[in-house]
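Spelled out from the first residue to the last, the chains are:
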Amino acid sequence: MQEISREQRQLEDQKILSKFLIFKSADFTYLDNAATTQKPECVLQAMNNYYRTQNANPLRGLYKLSIAATDAYEDAREEVRKFLNAESTEEIVFTRNATESLNLVAYSYGRAFIKEGDEIVITIMEHHSNMLPWQQLAKEKGAKLTYIMPEEDGTITEEVFRSYMNPHVKLVAMTQVSNVLGCRNDVKTFARIAHENGAVFVCDGAQSVPHIKVDVQDLDVDFLAFSGHKIYGPMGIGAFYGKKELLDKMPPFLFGGEMIEYVTTEGATWNELPHKFEAGTVNAGGAVGLGEALRYVSSIGMDRIEEREAHLTKLLMEEMKKVPHVHILGSQDPEKHYGIVTFTIDGVHPHDIAAIFDEHNVDIRAGHHCAQPLMKFCGTPSTTRASIGLYNTEEDIYKFIEALKLIRGEMGYNG
Ligand code: C6P
């Protein structure tokens, strides 16, 4: 990662911040980017423009406006393909979010190919969205669900991963970056080992795709899910990548309009990829917004985004470590956090911490972060989390630290 000078960084900060008008609407510091991100003007304008000039039901009409809507929708798919470096747009399926993507894979691939006695391997650090679909599948099929236990800081070594492989393992599902510990799993190595073992590899990219370069061909994962709203796009649109050879043999997930080729009173045949998995009227406006968001982050460059966020993560953790009674979950090394820093403060409930931060206009998240089994593994029912996005600046970090220093005092502690 290429470091830049202080002046260059400040110029870059200003250029980026000028695109996010929400920060001009009120005085607040936004550090809840792992939950959702703010939207740049170009995304709002692209969606506005779509609804003002191109809106019709895509993929159906034979008139000019519907063709324009179809083109806008399919252009967005091409943006996603490029962004993830998938081989073909047939491998990109639009959904509502990462949750729907992971459920779709569990319902369609899982119900068709996982059988009684098979084993599904996930990790204890999974978000509920990459845990419950596999739990339900395992229960329904009489399959075994195994949880990989990482080291305390979230590390899963190659040796540990290999120890979970056996001939019964038919599917591995794993997040690339944990939404709580911020640690990054070596998905490329684990996917290779899973394949050698005869298992497919499902990657939850919800917290990685917005922050690091993700290349599905390089990682050689079989499926990868992400959400538009965490990468500066709108809510209600997400996507997943699936290898064509797998998508081809998977049954549809939802049935209805547009996913069919031919219907009789007795049955139906299915549309070609990816439409087989996109039943009903699609979220074309959302897809347009997502496509524009991907163009926007690409214009900055994923390398720059990663460097900016790594720089701020380092600053954040260094400053947090100076504050007494604050404990950072997971690794103490900022390079292993990818913008996500979860913490506790002695004697203060995470909800009180978040409320006090809010009084100081700093937005962070408190609770179990939809990862209750991980909380249990970490020995705490809930925590507080700050998470960084591409528009955050050093000033945001110092505002956070100022508020952090006040928390115990405001709860009545001396020091
Ligand atoms: N995590 C967080 O604050 P959806 O809700 O479908 O857009 O994303 C689900 C999801 C899946 N995997 C991971 C690793 C995630 O972090 C999330 C969403 C948010 O941590 C909301 S709970």
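Calculation notes
Residues numbered from 1 in each chain as written. Predicted model: local features only at pLDDT ≥ 70, side-chain atom pairs only at ≥ 80, totals over all residues. Heavy atoms only, no water. Near = heavy atom within 4 Å. Polar contact = N/O pair within 3.5 Å; in protein donor to acceptor, adjacent residues only side chain to side chain. Areas by Shrake-Rupley, 256 points an atom, 1.4 Å probe, with all protein chains shown as cover. Pairing = 2+ DSSP bridges. Helix = DSSP H or I, 4+ residues; strand = E, 2+ residues; numbered from the N terminus. Right-handed = clockwise from strand over helix to strand, strands pointing away. Domains from an automatic or database assignment. Contact = heavy atoms within 4.5 Å. Buried area = accessible area lost by both parts, 1.4 Å probe. Salt bridge = Lys/Arg side-chain N within 4 Å of Asp/Glu carboxyl O. Nonpolar A, V, L, I, M, F, W, Y, C, P; charged D, E, K, R; others polar. Axes fitted to C-alpha atoms, helices over the stretch in contact; angles between N-to-C directions. Core = buried A, V, L, I, M, F, W, Y, C linked by side-chain atoms within 4.5 Å. Buried < 20%, exposed > 50% of the residue type's maximum accessible area, 1.4 Å probe, protein only. Expected span 1.5 Å × (residues − 1). Arc of directions from axis to C-beta.

1. Looking at the site of the ligand
Taken together, 18 residues are adjacent to the ligand, and T99, D204, S227, H229 and R365 come closest. Measuring from an oxygen atom of the ligand, one finds a backbone N or O atom of A98 at 3.4 Å. Residue Q207 places a side-chain N or O atom 2.7 Å away from an oxygen atom belonging to the ligand. When isolated, the ligand has an accessible area of 510 Å², and the protein chains bury 90% of it.

2. Focus: the pairing of strand 4 (residues 144–148)
Pairing analysis gives five bridges linking strand 3 (residues 119–123) to strand 4, with the strands arranged parallel. In the sheet register, I120 faces strand 4, and the bridge partner there is L145. Note on the crossover from strand 3 through helix 6 (residues 132–141) to strand 4: the handedness is right-handed.

3. Some remarks on the domain arrangement of the protein
By domain assignment, the protein separates into domain 1 (6–39 + 301–410) and domain 2 (44–298). The straight-line distance from the C-alpha centre of domain 1 to that of domain 2 is 28 Å. Domain 1 puts 37 residues into the contact, and the matching count from domain 2 is 37 residues. Summed over both sides, the interface of domain 1 with domain 2 buries roughly 3,000 Å², with 61% coming from carbon and sulfur. Our count for the contact surface shared by domain 1 and domain 2 stands at zero salt bridges. For the interface between domain 1 and domain 2, the tally reads 20 residue pairs in polar contact (both at pLDDT 80 or more). Elements represented by at least two residues in the side of domain 1 that touches domain 2 include exactly helix 12 (302–321), strand 12 (340–345) and helix 14 (372–378). Looking at the side of domain 1 that touches domain 2 residue by residue, the classes come out as 19 nonpolar, 12 polar and six charged.

4. Considerations on the sheet that holds strand 6 (residues 200–204)
If you trace the seven strands from one edge of the open sheet to the other, you get 2-8-7-6-5-3-4, paired in mixed fashion. The open sheet has two edge strands, strand 2 (92–95) and strand 4, and neither has a second partner. Adjacent strand axes in the sheet meet at a mean angle of 20° when their direction is disregarded. Looking at chain direction, strand 3 and strand 5 (residues 169–175) are connected through three bridges and run parallel.

5. A word on the nonpolar core
Membership of the largest hydrophobic core comes to 78 residues, with the highest contact counts inside it found for L84, F161, F201, V221, L224 and L390. When residues of this core are assigned to their parent elements, the largest contribution, nine residues, is made by helix 11 (residues 284–300). Three or more residues apiece are contributed to this core by two domains, here domain 1 (6–39 + 301–410) and domain 2 (44–298). When sequence neighbours within four positions are dropped, the list of residues in contact with L390 reads I16, F20, Y232, Y296, V297, I300, I305, R308 and E309. Within the second largest apolar cluster, 28 residues are counted, among which are V323, A354, I356 and F357.

6. Quick look at helix 3 (residues 41–53)
Taking 1.5 Å of rise per residue, the 13 residues of helix 3 would be expected to cover 18 Å, and the 18 Å separating its terminal C-alpha atoms lies within 8% of that figure. Burial in helix 3 covers these residues: V43, A46, M47 and Y50. Projected down its long axis, helix 3 shows its buried positions confined to an angular sector of 95°, all on one face. Here the buried face of helix 3 lies against helix 4 (64–84) and helix 11.

7. Some words on unusual backbone geometry
Put simply, L273 and P274 share a cis peptide bond, and its omega is -5°. Looking at where P274 falls in the secondary structure, it is placed in the loop between strand 10 (268–270) and helix 11. Phi angles above zero are rare outside glycine, and N85 is one such case at about 55°. Tracing the backbone shows N85 in the loop between helix 4 and strand 2. On the basis of relative accessibility, which here comes to 29%, the residue N85 falls in the partly exposed class. A positive phi angle, near 60°, is found at N361, a position not held by glycine.

8. A word on the environment of K405
Within the fold, K405 resides in helix 15 (residues 394–410). Relative accessible area serves as the criterion here: at 57%, K405 is assigned to the exposed category. Along the primary structure K405 and G415 are separated by 10 residues, whereas in three dimensions their C-alpha atoms are 9.3 Å apart.

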